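Summary of the model geometry
Below, each chain spelled out in residue letters.
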Amino acid sequence: MDLDLAGAELRAVLNRLRRAQGQIAGVIRMIEEGRDCEDVVTQLAAASRALDRAGFAIIATGLQQCLTDGEGNAKPAEDREELRARLEKLFLSLA
């Protein structure tokens, strides 16, 4: 299953991933500086949420793309069922 993110979708996913990247760098810095455990965990939780949201956005786009043939027409039922199972597995991997 290939993913074709376009325009605003791509920017939104990349922004979330960049935010998570910055938050993870911040967590590393905080640990190196010996910062308070509560602050480190709070920052780590924020990075985790940013990654989860990026993943959910990718899966949502994938659902939309996988259930159509690229021209907005629904794919045959057997294709949809297989894709649904694959996407469900992906979705659950983020849960």
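Residues numbered from 1 in each chain as written. Predicted model: local features only at pLDDT ≥ 70, side-chain atom pairs only at ≥ 80, totals over all residues. Heavy atoms only, no water.

**As for the overall build of the protein**
Filter applied, for reference: Runs of H or I in DSSP of at least four residues are treated as helices and runs of E of at least two as strands, each being numbered from the N terminus. Buried means the residue's accessible area, taken with a 1.4 Å probe over protein chains only, is under 20% of the maximum for its type, while exposed means over 50%, and partly exposed covers the values in between. Contacts are assigned to residue pairs with any non-hydrogen atoms lying within 4.5 Å of each other.
Tallying secondary structure elements over the protein gives three helices and zero strands in all. Along the chain direction, N to C, the helices and strands of the protein fall in the order α-α-α. A burial count over the protein gives 20% of its 95 residues as buried. Counting only contacts in the protein whose residues sit at least 6 apart along the sequence, the fraction spanning at least 24 positions is 64%.

**Here's the deal with the pattern of salt bridges**
Rules: The term salt bridge refers to a pairing of a side-chain nitrogen on Lys or Arg with a carboxyl oxygen on Asp or Glu at a separation within 4 Å.
Under the defined criterion, the tally for this structure stands at one salt bridge. In this structure, the salt-bridge partner of Glu33 is Arg35, at a minimum N-O distance of 3.9 Å. We classify Glu33 as exposed; its relative accessible area is 52%.

**Observations regarding the confidence of the model for the protein**
We apply this condition: Confidence of the predictor in every single residue is expressed as pLDDT, which spans 0 to 100.
In this model, the protein carries an average pLDDT of 80, and 75% of its residues clear a pLDDT of 70 or more. Looking at the elements of the protein, mean pLDDT is at its lowest for helix H3 (residues 77–94), recorded as 73, and at its highest for helix H1 (residues 7–32), recorded as 89.

**Observations concerning the side chain of Gln23**
Mapping Gln23 onto the fold places it in helix H1. Not counting residues within four places of it along the chain, the set of residues in contact with Gln23 comprises Gln43, Ala46, Ala47 and Ala50.

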